[in-house]
Amino acid sequence: MTLERSIVFSQEHRTRFLEELQDYLRIPSISTLPEHRKDVERAAAWAARNMQAAGLQNVRLLEIENSSPYVYGEWLGLPAGMTILLYGHYDCQPVDPLALWDRDPFGAAIEDGRIWARGASDNKGQHFAHLKAIESILSSSGSLPVNLKVLLEGEEEIASPHIEPFLTANQATLSADSGIISDGAMIAPGRPSIDYGLRGVAALEVWIHGPARDLHSGSFGGTVLNPAQALAQILAAMHHPDGTVAVPGFYEGVREISSEERELLAQTGFTEAGWRDLTGAPAPWGERDFSLRERIGARPTLEINGVWGGFQGEGVKTVIPASAGAKISMRLVPDQDPQGAIGLLKEHILKLAPPQVRVEIFNQGGCHPALMPVDSAEIKAAAAALEETWGVSPVYNRAGGSLPVVTAFQRILGAPFVLVPFGLDDNRHSPNEHLGLDYFHKGIETAIRYYFKLGS
């Protein structure tokens, strides 16, 4: 069993690997839309067949009540070896607004050195790189340098509502020494990175109700408080002018960033110019006492994700809407608690709501933040694998996003995680999502080297 043979195999089969990834991406496995339930199940079945063809054993679909299928496979040929749990998710985000896509969101076209599709980077392409690394090693030598378990989820994009009871019910099956996840984004083109921290998330939906029905604004304007206006006033009170969150008690328990960690994050080289290129926004906003990188990964935030109410069509319809609504999410850092943050936000909204309207608030769940020591053996192995593949040392980062499974791994399975992204921002969650072909192929080679380094 040699590393070199496995790398060569992956290079010789690049065309087939890409064709298989295209097939995978053409399945519109949108977990948040009920009409795509069958597509989610179809993606799970496709992934199971591919894992089996790659050489994994005991491949099967696992479910608990009301969950989408979890795809599981394993290779446990080393009784004395360490066991790694690979996690990915095969579900993806909706494509709206469709008009802003330049290509079919599920066409998986290969153009300009990239593969274009919803799910290309988040997360089918990234975990598929690991599956092709596994196939490359097994096809080259018939065995792996470590024991490996693979778990693919179909509900990550809806906050993994069943992951904790699933892990609890399958704790013995999924037990491992550590976990490996490739999700999220590298810090910059050609700059491999390791995410040693993730923010938590908490979300809710708020509805403001006024009159029993939409009213003629000429007949009732000036006598009825418009729910859209009341909602706008509430949302405007979510932040102070300096960009800090205005919810009372929101920052209680927030762990301060040490000077050593600020130096580590500064080494990412994240600049305002790079931020402008990524966002297209005219100027930064937020807590001025913290760098852009610190604001993204090490500070908590509150965002308004969507607002609706009243007439939305072309032309004019002069109504006072009966209701208006919004979706709000909070990104959390150690040591904030998701349910505690939701409680504080609910209290804030209810205090702000005027008596002329009725408020409904729906808790949409969340997950805890996570943090890993950067000197762990797994992170050292990942750093060495990245440097050999990319030719430069990786940087260490606290990612701004959330992965509910990570804290569940730590709490239920007792398994630390390593988070090594293989893509860039890649328009994840936006129109024209894509994954660079070079990043996909280097992801495969990085994964091969990672498994060998752990095995040695």
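Preceding block: the structure.
So, here is what we can say about the structure in this document. Note that the coordinates shown come from a computational prediction; the quantities given were computed from them, not determined experimentally.

### Considerations on the overall build of the protein chain
Part 1 of the reasoning: When helices and strands are tallied, the protein chain shows 15 helices and 18 strands.
Part 2 of the reasoning: Relative to its length of 456 residues, the protein chain is compact, with a C-alpha radius of gyration of 23 Å against a globular reference of 23 Å.
Part 3 of the reasoning: Over its C-alpha atoms, taken along the principal directions, the protein chain stretches across nearly 80 × 50 × 45 Å.
Part 4 of the reasoning: Counted over contacts in the protein chain with a minimum sequence separation of 6, partners at least 24 positions apart contribute 79%.
Part 5 of the reasoning: The averaged location of the 55 negative side-chain charges in the protein chain is 1 Å from the averaged location of its 38 positive side-chain charges.

### Focus: the environment of L204
Part 1 of the reasoning: Mapped onto the fold, L204 is located in strand β9 (residues 200–209).
Part 2 of the reasoning: In this structure L204 touches A326, K327, I328, I342, L345, K346, I349, I361, F362, N363 and Q364, once residues within four positions along its chain are discounted.

### Points about the nonpolar core
Part 1 of the reasoning: In terms of nonpolar packing, the biggest core is built from 94 residues, with I134, V150, L152, L167, F440, Y450 and Y451 touching the most fellow members.
Part 2 of the reasoning: A per-element tally of this core places helix α15 (residues 437–455) first, with 10 residues.
Part 3 of the reasoning: Among residues more than four places away in sequence, those in contact with Y451 are I84, L86, H130, I134, I137, P145, V146, L148 and I180.
Part 4 of the reasoning: Among the nonpolar cores identified, the runner-up in size contains 25 residues, and A324, A326, A341 and I361 belong to it.

### Thoughts on helix α8 (residues 227–236)
Part 1 of the reasoning: Residues of α8 that are buried include every one of P227, A230, L231, I234 and L235, and no others. In an axial view of α8, the angular spread of the buried residues amounts to 130°, which keeps them on one side of the axis.
Part 2 of the reasoning: For α8, the secondary structure elements touched by its buried residues are β9, β11 (301–309), β12 (319–320), β13 (323–332) and α12 (338–352).
Part 3 of the reasoning: N-capping of α8 is provided by N226, with a side-chain oxygen placed 2.8 Å from the backbone N of A228.

### Focus: the state of the cysteines
Part 1 of the reasoning: This structure, assessed with the given rule, holds 0 disulfides.
Part 2 of the reasoning: Not engaged in a disulfide, the cysteine C92 finds its nearest cysteine sulfur in C367; these two sulfurs lie 19 Å apart.
Part 3 of the reasoning: On the basis of relative accessible area, C92 is assigned to the buried category, the value being 0%.

### Structural notes on the sheet that holds β13
Part 1 of the reasoning: The strand order across the open sheet formed by 4 strands is β11-β13-β9-β14, and the pairing between neighbours is antiparallel. Each edge of the open sheet carries a strand with a single partner, namely β11 and β14 (358–367). For this sheet, the mean angle separating the axes of adjacent strands, direction not counted, is 15°.
Part 2 of the reasoning: The pairing of β11 with β13 spans 8 bridges and is antiparallel. The partner of G306 across the bridge, within β13, is K327.
Part 3 of the reasoning: Packing against the sheet, α8 makes contact with β9, β11 and β13, and its axis sits at approximately 15° to β13.
Part 4 of the reasoning: Against the sheet, α12 makes contact with β9, β11, β13 and β14, and its axis sits at roughly 165° relative to β14, the strand it touches most.

### Structural notes on the pairing of strand β8 (residues 193–198)
Part 1 of the reasoning: Along β8, 6 of the 6 residues are buried, which leaves the element largely enclosed by surrounding structure.
Part 2 of the reasoning: As judged from the 2 bridges shared by β8 and strand β15 (residues 370–371), these two strands associate in the antiparallel manner. Counted as the bridge partner of G197 is L371 from β15.

How each quantity is defined
- Residues numbered from 1 in each chain as written.
- Predicted model: local features only at pLDDT ≥ 70, side-chain atom pairs only at ≥ 80, totals over all residues.
- Heavy atoms only, no water.
- Helix = DSSP H or I, 4+ residues; strand = E, 2+ residues; numbered from the N terminus.
- Rg over C-alpha atoms; globule rule 2.2 N^0.38 Å.
- Contact = heavy atoms within 4.5 Å.
- Lys, Arg positive; Asp, Glu negative; His and termini not counted.
- Charge placed at Lys NZ, Arg CZ, Asp CG, Glu CD.
- Core = buried A, V, L, I, M, F, W, Y, C linked by side-chain atoms within 4.5 Å.
- Buried < 20%, exposed > 50% of the residue type's maximum accessible area, 1.4 Å probe, protein only.
- Arc of directions from axis to C-beta.
- Polar contact = N/O pair within 3.5 Å; in protein donor to acceptor, adjacent residues only side chain to side chain.
- Disulfide = S-S within 2.5 Å.
- Pairing = 2+ DSSP bridges.
- Axes fitted to C-alpha atoms, helices over the stretch in contact; angles between N-to-C directions.

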